[in-house]
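# Coordinate inspection notes
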Amino acid sequence: MVPRLVMVRRKSDYQLLLERHGTHEQARFFLKTRDQDVEEVRERHEVVATLHAQVSATIPSTWRRAQVERADLSRFLFEPEDIVVAFGQDGLVANLAKYLSGQPVIGINPEPQRNDGVLVPCRSEQAGALMRAAAAGSATTQHRTMVEARLDDGQRLVALNEIFVGHRSHQSARYQIGWQGTEERQSSSGIVVTTGTGATGWARSIHRLRFTKVSLPSPEERRLAFFVREAFPSVATGTSVTDGELREGEPLDVVSRMDGDGVIFGDGIEDDRLAFSWGQRLSVGVAPEILSLVLPM
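The sections below set out a description of the structure shown in this document.

Cut-offs used in this document
- Residues numbered from 1 in each chain as written.
- Predicted model: local features only at pLDDT ≥ 70, side-chain atom pairs only at ≥ 80, totals over all residues.
- Heavy atoms only, no water.
- Salt bridge = Lys/Arg side-chain N within 4 Å of Asp/Glu carboxyl O.
- Helix = DSSP H or I, 4+ residues; strand = E, 2+ residues; numbered from the N terminus.
- Buried < 20%, exposed > 50% of the residue type's maximum accessible area, 1.4 Å probe, protein only.
- Pairing = 2+ DSSP bridges.
- Axes fitted to C-alpha atoms, helices over the stretch in contact; angles between N-to-C directions.
- Arc of directions from axis to C-beta.
- Contact = heavy atoms within 4.5 Å.
- Phe/Tyr/Trp six-rings, centres within 6.5 Å; stacked < 30°, edge-to-face > 60°.
- Lys NZ or Arg CZ within 6 Å of the ring centre and 35° of its normal.

Taken as a whole and judged by the stated rule, the model has 22 salt bridges. Where D13 meets R44, a salt bridge forms, and the shortest distance between an N and an O atom there is 3.5 Å. Here the residue D13 occupies a position in helix α1 (residues 13–21), and R44 occupies one in helix α3 (residues 38–57), the gap between them amounting to 31 residues. A relative accessible area of 23% places R44 in the partly exposed class. Here the salt bridges do not stand alone but share partners, grouping R10, D13, E40, R44, E111 and R114 into one network.

The structure is reproduced here in structure tokens:
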């Protein structure tokens, strides 16, 4: 079958300004009142747009192709044979990963001076060669572990960086936690379950601020780490299960004690969340899906 190249990108800051203010001049006036220059934003947009056109031009002419904006990912149907190019920031790959099922992802970093490039490690000039290598099955690929949250009613959420379990308004979350045969009721600022990819972000900050023997996993390791944030000791709640490792087949179990305000979301995207109401049971563990990230040549 002829490969299909799916280009995934997000709107630039300049495009978002135009959507909000209608015209370039109105956007210029808005930024000028805040001592900012719209021309700088437009120049960045034009540079990135030029690189995007160059990458698009390297797609083999016989291939099928599609383009999807980040905001439309939930409505786009990926095919098993797709080769995916994520053109933009690291966060774009995290947004994308949960909609895939092992398709190779080539992360192109158009602004290496601004983006770390952990998940978009490739340069635009490498794109054509990497597309052909991915199609031939000869690309060097990193298989990054993902995390899943599964409710007892069958609802499921997958994330690349981390899963958060807590209160919708970030008040005290109340639940019963179970891990390695130990159960206790807790009141806390929520639970974060991280992958090795997420270990470079939010979980790293949590890990640095506490004394723990739990080590953060590496991106390809089939292991997760969990951290309870600010568990509160009381006559009804405990603090004995506040961090630990989750290996494949060894989930973290949580039962909600929140009246309609409990939430579960992944990768910091609160709009894409599961409700976690009183009595619902949640299992968080290593996901069967992986992110197949193509590495630079």
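The rest of the description comes next.
This part is about the sheet that holds strand β14 (residues 262–266). Read across the open sheet, the 6 strands follow the order β12-β11-β10-β7-β14-β15; overall the sheet is antiparallel. Lying at the two open borders of the sheet, with one neighbouring strand each, are β12 (243–247) and β15 (273–275). For this sheet, the mean inter-axis angle between neighbouring strands, taken without regard to orientation, is 20°. Looking at chain direction, strand β7 (residues 162–167) and strand β10 (residues 191–194) are connected through 4 bridges and run antiparallel. Bridge pairing in β10 links V165 to I191.

Below, the discussion takes up α1. Among the residues making up α1, those that are buried are Y14, L17 and H21. Considered in projection along α1, the buried side chains sweep an arc of 55° and stay on one side of the axis. Close packing links the buried residues of α1 with α2 (24–32) and α3. Looking at the residues trailing α1, positive phi occurs at G22, about 95°.

What follows concerns the packing of aromatic side chains. For the structure shown, the criterion picks out 4 aromatic pairs. On the basis of an interplanar angle of 70° and a centroid distance of 4.8 Å, the ring pair of F76 and F78 is categorised as edge-to-face. Residue F76 is classed as partly exposed on the basis of its relative accessible area of 22%. Clustering of aromatic rings is evident, with ring pairs tying together F164, W202 and F265. The ring of W278 is capped by R257, whose NZ or CZ atom sits 5.3 Å from the centre of that ring.

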